[in-house]
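# Observations on the three-dimensional arrangement
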Amino acid sequence: MRLNPSQQHAVEFVTGPCLVLAGAGSGKTRVITNKIAHLIRQCGYQARHIAAVTFTNKAAREMKARVAQTLGRKETRGLLIATFHTLGLEVIKREYAALGMKANFSLFDDQDQAALLNELTETWLEGDKTQLQQLTSTISNWKNDLMDPLQAAASAQSERDKLFAHCYGLYHDHLRACNVLDFDDLILLPTLLFKRNEEVRERWQNRLRYLLVDEYQDTNTSQYELIKLLVGARARFTVVGDDDQSIYSWRGARPQNLVLLSQDFPQLEVIKLEQNYRSSGRILKAANILIANNPHVFEKKLFSELGYGSELKVITANNEDHEAERVVGELIAHHFINKTQYSDYAILYRGNHQSRLFEKMLMQNRIPYRISGGTSFFSRPEIKDLLAYLRVLTNADDDSAFLRIVNTPKREIGPATLQKLGEWANVRNKSLFTASFDLGLEAHLSGRGLSSLQRFTHWMRDIAQQAEREPVAAVRDLIHGLDYESWLYETSTSPKAAEMRMKNVNQLFSWMTEMLAGSDLDEPMTLTQVVTRFTLRDMMERGENEEELDQVQLMTLHASKGLEFPYVYLVGMEEGLLPHQSSIDEDNVDEERRLAYVGITRAQRELIFTLCKERRQYGELMRPEPSRFLLELPQDDLQWETARKVVSAQERMQKGQSHLANLRAQLAQARDKE
DNA sequence: ATGCTATAGCTTTTT
DNA sequence: GCTATAGCAT
C-alpha cells in the first residue's frame, strides 16, 4: 500500500523540526519506519547517526521488526531503536566516569525503590502507605524537573516538603553509595550531564544526528529536556504524537510538551495524519464527536474510507454478574455465527478489579482468554531473589541486593550479625559485602554469625570470580549451590506453587543463557548487561507463541493503547467508573474522556458498550448513572438494548446458564461435523 | 510451623 | 463485599 499525501510529506520533510499529529490508527509506525528508510536511502544519513525513541520495550521491538522488513541488515547497522530509559542507560554506560559513577552500577526497579524509601523513613512515616506513595512521586517529580536534593530543600515551603526533601537527600546518598541508579536517574543523569558538559553534549549530538520520538505526548519534562539537548541547534528531528491519546498525565507525562515544541521551535513543521485505516466510519464518527468535547490546541478530524459499519450496541445489564453473563453470552453467539477467532475479541475496562467476573464467566464456559497486566514476571519474589544474587555478583556495593539475599535461603545470618556488619561497614565506609572480607571485622563479630557470614561471602566471591570467565556456568553453579529448589519447596504453600516458581527460575536461566551467548541478531552480553536489561524488563524474543494463541483479550483501557481488535466490548460505562469517581472529584474528566476515546478507537468492526443498573461497590449497592460519555455520543448510531424484564437473580442465573449451555452444545455439534 | 481472624484498602502503572 | 495480609493463637 502506498503512503497517503500527508504520510508522504511526513516522511520526506527532513530539513527541520517536525511534529506529526497522528490520530489513532493513522499509520504512524509506518511513517516512522518509512522515514528511517528515507533518511538512510535518500538523505545520505548513516544508520548509526539515527535514533528512534519509544516508551515501551514492546514498541521498540515492533519498530525494529518493521524496520528490518523494509531495510536490509547492512543498512540498519548501528541504528539505535530504544526506549528513553535504554538510551539514557547507553549514555551513562559510556560516560560513567564523567558522572562520577563506577562502571558496574546496578538498577533499582520501583519495588526496590519503595522498599528502600520505606526503610529510610521508618522513623517519620512509620510505613504509612499513602505518605510513602506521595513521597515516591514527589521525589520522582523533583527528578523529572531536574532538581537535586539541595534545590528541592530550597524550594520546599511546607514542613512536609522539607521532610520529603530531606528523605530525598538520604535516598539519593544511599543510591550513590551503593552504586545504584533508579529509573528516573536514567533520564536525569544524561540530561544534567549534557547540560553541564559541552564536550560530551557535542559528542552525542554528533553521534545522533537525526532523532525520532514516538508517543511524544507522553514525555515528561526531563525527557523533553533530553530531546532538546540531543538535537541541539540543528533541530533535525521528528516527534509523533496524539494529544487525544494522552492518558498518562497522572504519571508525569506532559501533553503540554506538544505546545512547548511549537514555542521552542518556531520553524516547526506540523503535519496531521487524519486518515484512519482501522475502524469503520461509524466508530470513527463516534470517537470524533466524543473527543470534540475536550479542549484542543491542534484541531484534527479523523476520517475513514472503510464502510460505515453496523450500529454501536449499548447493553444495559441489571448488575455486574449479569453484565459479565451478557457479554460472554453475546461473545459466544457472535463467535459461533461469524466463525471468528477468539483473539478477535477484546474486553476493555477501567480498573483491573473489573476483570474478575468476566474471567469467571469465561472460565465457566471454557473460553480461552488472556488477561494482560497483573503481576509481572519480574516482580515475582523468586525472580527478584535471583536477580539480587546477580546484582551482588556484578556490583559488590549493592547493599539492597545483598540484604535481600544474605539470609535467603536461610543460612543463620540473623539481624544481630547484620547489625554489627552494618556498623563496621559504616566505620570503614564500605559496602556490606566488601566489608565482610575485612580482617578487622573479627574484632566485632565472632562465633557462629561470623563463620556463617564469611562462609557465604567467600562462596559468593568465588562465584563472582568464576562469572568473569564463564558466566553461564557460574550462574548454574549458583542456583545449584543455593539449593534454591529445595528452598522453594520448603517455603511455598503447595508443591504445585513451588513447581511453578522453579519453572520461572528455569525460564529466567534459559533467557539469561541465550543473552550471555548472543545470537545472530544480538551480540553476546556481559552479566551486568543482562541484569540491567532484566530490570528494565527488556529481553529479546519473549515467549513468541504467546500472542499467537487464540484467546479473548482482557485488559485495562490503559493497556489497550496501541492495539486493535475487530470486536471490542467496552464494559462498565457508568458515572463513577468511566469517568472514574476520583477524576470527577479532581475535575479531571478530560483525561477520562481520552481514555474512552482510546477504547473506542481500538475497535475495527464492531463496538459494544455495557453498563449496569446496579453495581456493588465497596459492599454498598449503587445505582450508577450511565456514563456521560455515552450521552455525548451520536445517539443515531447507538442501539440501546435493555434486558426485557427484570427477573430474579435465581431465574436469571438458570436462564443464563441454560442459554450458554445451549450455545455450547451447538458449538460442540458444529465442531464434530467438521 | 500453621491456620485462623481481624483489619485495611480498593484507578490507571510504558521504565 | 471481597480479598490480601498481618498478627495472633494453637
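Predicted model, so just to flag it, every value in this text is computed and none were measured.

Calculation criteria
- Residues numbered from 1 in each chain as written.
- Chains lettered and ligands numbered in written order.
- Predicted model: local features only at pLDDT ≥ 70, side-chain atom pairs only at ≥ 80, totals over all residues.
- Heavy atoms only, no water.
- Helix = DSSP H or I, 4+ residues; strand = E, 2+ residues; numbered from the N terminus.
- Buried < 20%, exposed > 50% of the residue type's maximum accessible area, 1.4 Å probe, protein only.
- 1 Å grid on protein atoms, 1.4 Å probe; cavity = no way out; pocket = protein on both sides within 12 Å on 5 of 7 lines; lining within 4 Å.
- Points joined across faces, edges and corners; volume = space filled by probe spheres on them.
- Nonpolar A, V, L, I, M, F, W, Y, C, P; charged D, E, K, R; others polar.
- Near = heavy atom within 4 Å.
- Core = buried A, V, L, I, M, F, W, Y, C linked by side-chain atoms within 4.5 Å.
- Contact = heavy atoms within 4.5 Å.
- Pairing = 2+ DSSP bridges.
- Axes fitted to C-alpha atoms, helices over the stretch in contact; angles between N-to-C directions.
- Expected span 1.5 Å × (residues − 1).

### A short note on unusual backbone geometry
Here the bond from Leu578 into Pro579 is cis, since omega is 5°, no more than 30 degrees from zero. Tracing the backbone shows Pro579 in the loop between strand E15 (565–570) and helix H27 (581–585). Phi is positive for Asn179, which is not a glycine, with a value near 60°. Mapped onto the elements of the fold, Asn179 is located in the loop between helix H9 (159–177) and strand E5 (180–181). Its relative accessible area of 6% is what places Asn179 among the buried residues.

### Quick notes on the layout of surface pockets
Taken as a whole, the second largest pocket spans an internal volume of roughly 1,000 Å³. Residue lining of the second largest pocket: 41 residues in total, with Glu119, His174, Asp399, Ser400 and Leu403 positioned closest to the centre. Those elements that place two or more of their residues in the lining of the second largest pocket are helix H5 (110–120), helix H6 (122–125), H9, helix H17 (381–394), helix H18 (399–405), helix H19 (415–428) and helix H25 (527–535). The element that contributes the greatest number of residues to the lining of the second largest pocket is H5, accounting for seven residues. Of the residues in the lining of the second largest pocket, the class split is 18 nonpolar, 10 polar and 13 charged.

### A few points about the protein's contact with DNA strand C
In the vicinity of DNA strand C, the contacting residues are Arg356, Arg616, Tyr618 and Gly619. For DNA strand C, the fraction of protein-proximal atoms (within 4 Å) that sit in sugar or phosphate groups is 44%. Broken down by class, the residue content of the surface near DNA strand C amounts to one nonpolar, one polar and two charged.

### Here's the deal with the protein's contact with DNA strand B
As a structural note, the neighbourhood of DNA strand B is formed by 22 residues, with Arg251, Arg350, Asn352, Thr556 and Tyr618 the closest of them. Protein-proximal atoms of DNA strand B, defined as those within 4 Å of the protein, fall in sugar or phosphate at a share of 44%. The residue inventory of the surface near DNA strand B, partitioned by class, reads six nonpolar, 10 polar and six charged.

### Comments concerning the environment of Lys339
With respect to the helices and strands, the residue Lys339 is situated in the loop between helix H15 (320–338) and strand E12 (345–349). Along the primary structure Lys339 and Ser304 are separated by 35 residues, whereas in three dimensions their C-alpha atoms are 26 Å apart.

### A look at the nonpolar core
Residues Phe402, Met460 and Phe534 are the most contacted members of the largest nonpolar core, which totals 53 residues. Considering every element that reaches this core, the biggest residue donor is helix H24 (residues 495–517), with nine residues. Discounting chain neighbours no more than four positions away, the residues touching Met460 are Tyr389, Val392, Leu393, Ile405, Phe433 and Leu478. Among the nonpolar cores identified, the runner-up in size contains 33 residues, and Ile247, Ile283, Ala346 and Phe565 belong to it.

### Some thoughts on the sheet that holds strand E13 (residues 369–371)
Overall, parallel pairing links the seven strands, which are arranged E13-E14-E12-E15-E16-E11-E19 in an open sheet. Where the open sheet ends on each side, the last strands, each with one partner, are E13 and strand E19 (638–642). Averaged over all pairs of adjacent strands, the angle between their axes in this sheet comes to 20°, without regard to strand direction. When strand E11 (residues 312–317) meets E19, the two strands line up parallel, connected through five bridges. Paired with Lys313 across the two strands is Gln639, which belongs to E19. Set on the sheet, helix H14 (residues 281–291) makes contact with E11 and strand E16 (603–612); between it and E16 the angle comes to about 55°.

### Quick notes on helix H2 (residues 28–41)
For H2, which comprises 14 residues, the first-to-last C-alpha distance of 20 Å matches the rise-based estimate of 20 Å (1.5 Å per residue) to within 8%. Counted residue by residue, H2 has 10 buried out of 14 residues, so it is predominantly covered. Of the residues making up H2, those classed as buried are Arg30, Val31, Ile32, Thr33, Lys35, Ile36, Ala37, His38, Leu39 and Ile40.

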